[in-house]
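One-letter residues, chain by chain:
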Amino acid sequence: MQELVVPLNHVLLVSTLLFCIGMLGLMIRRNIIFILMSLEVMLNASALAFIAAGAHWGQPDGQVMFMLILSVAAAEVAVGLGLVLQVQRRFKTLDMDDADRMRG
Amino acid sequence: MLEVVLFYIASAVALLATILAMTRANAIHALIYLIISLLAVAVIFFLIGAPFAAALEIVIYAGAIMVLFVFVIMMLNLGERGDARERQWLQPKIWFGPAILSAVLLAEIVYLMGTVQGPATVGIVTPKAVGLALFGPYVVAVELAAMLLLAGLVGSYHLGRRALERRH
């Protein structure tokens, strides 16, 4: 097994903290742009955990997962920002508490 | 053991920048801090032996995705008040914090480039191994990612086109 110079536990701790900050931001902020940014932070934190684990065991699987997360993030942010434009046009606001009713 | 110190500095920058990004009132200011956070995570990738992932992080995350955010925020802020607001955004006290954080990251990278052997990780996972894994056992995942990106492309085109047409 190939060892990292940096302890794996500490990388995972940083990744967990980043994920928690992103989740707190997701729960606290009500602006949809900030909600999307928090989602990016959370995806990025999980990617950091994958890369750290892949580097710890010297396997390429971690970076493969990183690339899949990257494509998920790109697709998610493209659709999400399209939705931002729609919400702004329909509700004239970016506050998600004003746009919490579904039609139907 | 120097890598460990550099890792802690980069982690501190990443956490600080993320907290600052989540607590800004202005979306553009938050975006600047978020870019710093992504760059710090890229430095961490470099330090733990994944230089290719670090490059991808900078090019795709901090480059392409953040540019999408900037585009949308600028589209939402159209109007005659926009100029005055943008001039206000460029005040020194606004870019001072991000400049310091990114200077720390730049110093780390310059120092790492100065050392001859680069980061002393034992097992750097090379891009070749990643490519072999991607198109070997993970080829179905690559196809799924392609379909997901196509769906994202079609969906965002549909949503964005409606928004732009009705504005005029």
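Refer to the structure printed above.
Residues numbered from 1 in each chain as written. Chains lettered and ligands numbered in written order. Predicted model: local features only at pLDDT ≥ 70, side-chain atom pairs only at ≥ 80, totals over all residues. Heavy atoms only, no water.

**Student:** Quick question: what am I supposed to make of the nonpolar core here?
**Tutor:** Soluble globular proteins: nonpolar side chains tend toward being buried together. Counting 81 residues, the largest nonpolar core has A:Ile33, A:Met37, A:Leu48, A:Phe66, A:Val84, B:Phe45 and B:Phe69 as the members making the most contacts within it. No other element matches helix α2 (residues 27-47) of chain B, which puts 16 residues into this core. Among residues more than four places away in sequence, those in contact with A:Met37 are B:Met22, B:Ala27, B:Ala30, B:Leu31, B:Leu34 and B:Phe69. (Core = buried A, V, L, I, M, F, W, Y, C linked by side-chain atoms within 4.5 Å. Buried < 20%, exposed > 50% of the residue type's maximum accessible area, 1.4 Å probe, protein only. Helix = DSSP H or I, 4+ residues; strand = E, 2+ residues; numbered from the N terminus. Contact = heavy atoms within 4.5 Å.)

**Student:** Looking at this model, I keep getting lost on unusual backbone geometry. Mind explaining?
**Tutor:** In terms of backbone geometry, most residues other than glycine have negative phi values and most peptide bonds are trans. Residues and elements named next belong to chain A. Positioned with a positive phi, Lys92 is a non-glycine residue whose angle comes to about 55 degrees. One can find Lys92 in the segment after α3 (61-91). Judged by its relative accessible area of 65%, Lys92 falls in the exposed class.

**Student:** Please clarify how the interface of chain A and chain B should be interpreted in this entry.
**Tutor:** One widely used convention gives an interface's size as the accessible area the parts lose upon coming together. Listed per partner, the contact involves 57 residues of chain A and 60 residues of chain B. Summed over both sides, the interface between chain A and chain B buries roughly 5200 Å², with carbon and sulfur atoms accounting for 81% of that surface. On inspection of chain A and its partner chain B, the count reaches zero salt bridges. Seen at the junction of chain A and chain B, the total is six residue pairs in polar contact (both at pLDDT 80 or more). Contributing elements (two or more residues each) for the side of chain A that touches chain B: α1 (8-28), α2 (32-56) and α3 of chain A. In terms of residues, the side of chain A that touches chain B owes the most to one element, α3(A), which gives 24 residues. Across the side of chain A that touches chain B, the residue classes break down as 39 nonpolar, 13 polar and five charged. (Buried area = accessible area lost by both parts, 1.4 Å probe. Salt bridge = Lys/Arg side-chain N within 4 Å of Asp/Glu carboxyl O. Polar contact = N/O pair within 3.5 Å; in protein donor to acceptor, adjacent residues only side chain to side chain. Nonpolar A, V, L, I, M, F, W, Y, C, P; charged D, E, K, R; others polar.)

**Student:** Looking at this model, I keep getting lost on the side chain of A:Arg29. Mind explaining?
**Tutor:** Position of A:Arg29 relative to the elements: it lies in the loop between α1 and α2. Comment: no salt bridge for buried A:Arg29; closest opposite-charge side chain is A:Asp95, at 9.5 Å. Here B:Arg24 takes part through its backbone oxygen, which lies 2.8 Å from a polar atom of the side chain of A:Arg29. What A:Arg29 contacts, discounting residues up to four positions off in sequence, is A:Phe34, A:Ile35, B:Met22, B:Thr23, B:Arg24 and B:Ala25. (Lys, Arg positive; Asp, Glu negative; His and termini not counted.)

**Student:** Hey, could you run me through the packing of α2(A) against α2(B) in this one?
**Tutor:** When two helices pack together, their arrangement is given by the angle between the helix axes and by the axis-to-axis distance. Packing of α2(A) against α2(B) brings their axes to within 11 Å, and their N-to-C directions diverge by 5 degrees. Classified by the angle their axes make, α2(A) and α2(B) are roughly parallel. On α2(B), the residues touching A:Ile33, A:Phe34, A:Met37, A:Val41, A:Asn44, A:Ala47, A:Leu48 and A:Ile51 of α2(A) are B:Ala27, B:Ala30, B:Leu31, B:Leu34, B:Leu38, B:Val41, B:Ile44 and B:Phe45. A breakdown of the residues in the contact of α2(A) with α2(B) according to their chemical character gives 15 nonpolar, one polar and no charged. (Axes fitted to C-alpha atoms, helices over the stretch in contact; angles between N-to-C directions. Parallel < 35°, antiparallel > 145°, perpendicular 65-115°, else oblique.)

**Student:** Honestly, helix α5 (residues 92-114) of chain B in this entry has me stumped. Any pointers?
**Tutor:** Each full turn of the α-helix corresponds to 3.6 residues, which orients residues three or four apart in the same direction. Here α5(B) contains 23 residues, and its C-alpha end-to-end distance of 31 Å stays within 8% of the 33 Å for a straight helix at 1.5 Å per residue. Looking only at α5(B), the buried set comprises B:Ile94, B:Pro98, B:Leu101, B:Leu105, B:Glu108 and B:Leu112. (Expected span 1.5 Å × (residues − 1).)

**Student:** What am I meant to see in the packing of helix α1 (residues 2-23) of chain B against α2(B) here?
**Tutor:** Residue and element names in this part refer to chain B. Packing of α1 against α2 brings their axes to within 8 Å, and their N-to-C directions diverge by 160 degrees. As summarised for this structure, α1 and α2 are arranged roughly antiparallel, according to the angle between their axes. The hand of the α1/α2 crossing is left-handed. Residues Glu3, Leu6, Phe7, Ala10, Ser11, Val13, Ala14, Ala17, Thr18, Leu20 and Ala21 of α1 form the contact with α2, whose own contacting residues are Ala30, Tyr33, Leu34, Ile36, Ser37, Ala40, Val41, Val43, Ile44 and Leu47. When the residues that make up the contact of α1 with α2 are grouped by side-chain class, the tally is 17 nonpolar, three polar and one charged. (Left-handed = near helix turned anticlockwise from the far one by under 90°.)

**Student:** Is there a simple way to explain the side chain of B:Glu108 in this structure?
**Tutor:** Residues and elements named next belong to chain B. Positionally, Glu108 belongs in helix α5. Buried charged residue Glu108 carries no salt bridge. Nearest counter-charge: Arg24, at 21 Å. Here the side chain of Glu108 touches Ala10 through a polar contact of 3.3 Å, landing on its backbone nitrogen. In contact with Glu108, not counting residues within four places along its chain, are Leu6, Ile9, Ala10, Val43 and Leu47.

**Student:** Help me understand the environment of A:Ile51, please; the structure alone is not making it clear to me.
**Tutor:** By secondary structure assignment, the location of A:Ile51 is in helix α2. For A:Ile51 and A:Ile35, which are 16 residues apart along the polypeptide, the C-alpha to C-alpha distance reads 25 Å. Beyond its immediate sequence surroundings of up to four residues, A:Ile51 is in contact with A:Gln63, A:Phe66, B:Phe45, B:Ile48, B:Ala50 and B:Ala53.

**Student:** I tried to follow the pattern of salt bridges on my own but got confused; where do I start?
**Tutor:** Any two side chains of opposite charge can pair if their charged atoms end up close together. Residue and element names in this part refer to chain A. This model, assessed by the stated rule, comprises one salt bridge over all chains. Note that Asp97 and Arg30 form a salt bridge whose closest N and O atoms lie 3.5 Å from each other. Of the two residues, Asp97 is situated in the segment after α3 and Arg30 in the loop between α1 and α2; the sequence distance between them amounts to 67 residues. Residue class for Asp97 comes out partly exposed when judged on its relative accessible area of 45%. Its relative accessible area of 30% is what places Arg30 among the partly exposed residues.

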